[in-house]
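# Structural characterization, general
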Amino acid sequence: MPTISEKGRQMPASPIRKLVPYAEAAKKRGTHVIHLNIGQPDIKTPQVALDAVRNHTIEVLAYSMTEGSEIYRGKIADYYAKNDISVNASDIIVTTGGSEALAFVMGTIMDGDDEIIIPEPFYANYNGFATAAGVKVVPIVSSIDSNFALPPIAEFEQLIGPKTKAILICNPGNPTGYLYSKEEIQQLAKLVKKHNLFLIADEVYREFAYDGREHYSILQESGLENHAVMVDSVSKRYSMCGARIGCLVSRNKEVIQTALKFAQARLSPPTFAQIASEAALDTPKSYFEAVISEYVERRNILVSELQKIEGVKVAVPQGAFYCVAELPISNSDDFAQWLLEKFEMDGATVMVAPAAGFYASEGLGKNQIRIAYVLEQEELVKAVRILGAALKEYTN
Ligand SMILES: Cc1ncc(COP(=O)(O)O)c(C=O)c1O
């Protein structure tokens, strides 16, 4: 039989999806599974976006421009201007989700064996994009005890070597919910300038900043023009995960011109989804106010309910809609599977994401889980009660 590639062998499977068969089996047994494991918001997509597609009279669903529709990119630049980020349409490439922007950026700036430093725990798919590009992820540990704040700059410096090309951050963080402060971004800015590295920021959760905190983008920092590459998406902002639209933004012309060649190879981003995404930019401010206050309430309930469980430590999220909790167990993969296979309370159980998959360092995160608070408050409370009861019954 012909053999598959070494890269294919190395490609990590999703740490969350491996539990799906157990969840399906539980559902078949009649158990109600509450999904705390996925980042699919239950919030309604803005009506303006849905209407734009519904009311469109396209007769030929043609390719769009490789870099995305001119009008749409102009409007994205206007949206950034409102967020104190000054970029032109020519600094933007529209992509098929933030995912494709991440793949493009890896291909654009890194060669095989180059290294990228990423604070962990991090969005698990970064491992997949790095593997596909043949790039080595060098993790730097951030701790639940400091709420997953930026690790000390001196620790980054120790990891920077001749193969280091970039530092990648997710702000606010999935899975941590941590929102980097302006000071932290400025420390990173100084570091990447000193060592001539790229600074990539995944800002797909930018809108979700809580408690009066303001998101500070790497593109707001002056002097980073040649270093900063930002990844963005409509998926979470407008609860439009299925649209598959994102973008890559950089003032570094060489980065954009090179990424455009990767974009040309896949021809264009989806046409209908750009129509929806362009219309979504007209979403009224009141939509976000309502969504953010809903997430804040969910976060508050989740954190206070988790804190009631003996032995549980929680990092309080300041943004996005995820939270990492440390549990009094030694193997969250086993615990998550046990929850689906062996446990139920009043006919229900919970599905959580074991956190080890969000770490690149072997052995870390084994007593942690990630919870996505994309459920209604009542369901969240029920889920945490189930978790508490399960922890009493579970033996490591
Ligand atoms: C941190 C982060 N970045 C990027 C993505 C990719 O999202 P999409 O491709 O839907 O834009 C996700 C999706 O969950 C994410 O959580």
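The preceding data block contains the structure.
This one's a predicted model, so the numbers in the text were calculated from it and none came from an experiment.

### Description of the overall build of the protein chain
A count of helical and extended segments in the protein chain gives 13 helices and 13 strands. Taken over the C-alpha trace, the protein chain has a radius of gyration of 21 Å; the compact-globule value for 396 residues is 21 Å, and the two agree within 12%. Principal axes of the C-alpha set define a box for the protein chain whose edges measure 60 × 55 × 55 Å. Counting every position in the protein chain, which comprises 396 residues, the buried fraction comes to 55%. Counted over contacts in the protein chain with a minimum sequence separation of 6, partners at least 24 positions apart contribute 76%. Put simply, the protein chain shows about 17,300 Å² of open surface, and 51% of that area lies on carbon and sulfur atoms.

### Here's the deal with the pairing of strand E7 (residues 228-233)
Taking burial as the measure, the six residues of E7 include six buried ones, the bulk of the element. Pairing geometry for strand E6 (residues 198-202) and E7, over four bridges, is parallel. Looking at E7, one finds that Leu199 is bridged to Ala228. Examined bridge by bridge, E7 and strand E8 (residues 246-249) share four bridges and lie antiparallel to one another. Looking at E8, one finds that Ser233 is bridged to Gly246.

### Quick look at the site of the ligand
Residues in close proximity to the ligand total 13 residues, the closest being Ser99, Asp202, Tyr205, Ser233 and Ser235. One of the side-chain N or O atoms of Asp202 is found 2.5 Å from a nitrogen atom in the ligand. The contact in question runs from an oxygen atom of the ligand to an N or O atom on the side chain of Arg244, over 2.7 Å. The fraction of the free accessible surface of the ligand (400 Å²) that becomes covered by protein chains is 93%. Mapping the ligand onto the cavity grids shows that it belongs to the largest pocket. The dominant element in the shell around the ligand, judged by the number of residues it contributes, is helix H5 (residues 97-109), at three residues.

### Some words on the pattern of salt bridges
Counted according to the given criterion, the structure contains 24 salt bridges. In this structure, the salt-bridge partner of Arg206 is Asp232, at a minimum N-O distance of 3.0 Å. Placement of the pair is Arg206 in the loop between E6 and E7 and Asp232 in strand E7, with a sequence separation of 26 residues. Summarising the burial analysis for this pair, Arg206 and Asp232 share the class buried. A salt bridge links Glu326 to Lys313; the nearest nitrogen and oxygen atoms lie 3.8 Å apart.

### Some remarks on a nonpolar patch on the surface
A cluster of nonpolar side chains, contributed by Val53, Leu61 and Phe272, occupies part of the molecular surface with about 230 Å² of accessible area. Among the secondary structure elements, Leu61 is positioned in the loop between helix H3 (47-54) and helix H4 (70-82). A residue is classified by how much of its surface remains accessible, and Leu61, at 53% relative accessible area, is exposed.

### Considerations on the layout of surface pockets
Gaps left between atoms show up when a probe the size of a water molecule is rolled over them. In this structure, the largest pocket occupies an estimated 1,200 Å³ of space. Residue lining of the largest pocket: 49 residues in total, with Ser14, Ile16, Tyr123, Ala124 and Asn125 positioned closest to the centre. Taken together, the elements giving at least two residues each to the lining of the largest pocket come down to helix H2 (20-28), H5 and helix H6 (125-133). Among the residues forming the lining of the largest pocket, the class breakdown is 21 nonpolar, 17 polar and 11 charged. Of the volumes computed, that of the second largest pocket is approximately 860 Å³. Taken together, 26 residues make up the lining of the second largest pocket; nearest its centre are Lys82, Asn83, Glu207, Lys285 and Phe288. Contributing elements (two or more residues each) for the lining of the second largest pocket: H4 and helix H11 (285-307). Along the lines of polarity and charge, the residues of the lining of the second largest pocket split into nine nonpolar, five polar and 12 charged.

### Side note on the environment of Leu191
In this structure, Leu191 sits in helix H8 (residues 182-195). Judged by its relative accessible area of 3%, Leu191 is buried. Put simply, Leu191 and Arg54 are 137 residues apart on the chain and 48 Å apart in space, counted from C-alpha to C-alpha. Excluding residues that lie within four positions of it along the chain, Leu191 makes contacts with Ile153, Phe156, Glu157, Ile160 and Ile167.

### Focus: unusual backbone geometry
Here the residue pair Glu120 and Pro121 is connected by a cis peptide bond, since its omega of 5° sits within 30 degrees of zero. Following the sequence through the fold, Pro121 ends up in the loop between strand E3 (115-120) and H6. In this structure, Arg244 is a non-glycine residue whose phi angle is positive, near 65°. Looking at the element boundaries, Arg244 is found in the loop between E7 and E8. By relative accessible area, which is 31% here, Arg244 ends up partly exposed.

Rules of the game
- The written sequence of each chain sets the order in which its residues are numbered from 1.
- In keeping with the model being predicted, local features are shown solely for residues with a pLDDT of at least 70 and side-chain atom pairs are shown and tallied solely at 80 or more, while totals for entire chains, interfaces and linings include all residues.
- Hydrogens and water molecules were not included; the side-chain quantities draw on all heavy atoms of the structure.
- Going along the chain from the N terminus, every DSSP run of H or I of four or more residues is numbered as a helix, and every run of E of two or more is numbered as a strand.
- We take the radius of gyration over the C-alpha atoms and set the globule estimate at 2.2 Å times the residue count to the 0.38 power.
- Only protein chains enter the accessibility calculation, which uses a 1.4 Å probe. A residue is then buried if its area is under 20% of the maximum for its type, exposed if over 50%, and partly exposed in between.
- Throughout, a contact is declared for two residues whenever any of their heavy atoms are within 4.5 Å.
- For accessible areas, the Shrake-Rupley method is used with a probe of radius 1.4 Å. Any residue's cover is judged against the shown protein chains and nothing else.
- Pairs of strands are assigned from DSSP output, requiring at least two bridges between the strands.
- Residues are counted as near a molecule or strand when any one of their heavy atoms sits within 4 Å of it.
- Here a polar contact is taken to be a pair of N or O atoms separated by no more than 3.5 Å, where protein atoms must pair a possible hydrogen donor with a possible acceptor and residues adjacent in sequence count only if both atoms sit in side chains.
- A pocket here means an open set of points on a 1 Å grid, computed over the protein atoms alone, that has protein on both sides within 12 Å along at least five of seven lines. A cavity is instead a set of points where a 1.4 Å probe fits but cannot get out; residues with an atom within 4 Å of a point line either one.
- What decides whether a molecule sits in a cavity or pocket is whether more than half of its atoms lie within 2 Å of the grid points.
- For salt bridges, the criterion is a side-chain nitrogen of Lys or Arg within 4 Å of an Asp or Glu carboxyl oxygen.
- Residues qualify for a patch when their relative accessible area is over 30% and they have no salt bridge, like charges being joined within 9 Å and the nonpolar side chains of Val, Leu, Ile, Met, Phe, Trp and Tyr within 5 Å.
- Grid points are joined across faces, edges and corners, and a volume is the space filled by probe spheres set on the points.
- Following the grouping adopted for this structure description, the nonpolar residues are Ala, Val, Leu, Ile, Met, Phe, Trp, Tyr, Cys and Pro, the charged ones are Asp, Glu, Lys and Arg, and the polar ones are all others, Gly among them.

Remember that the coordinates give geometry; whether it matters functionally is a separate question.
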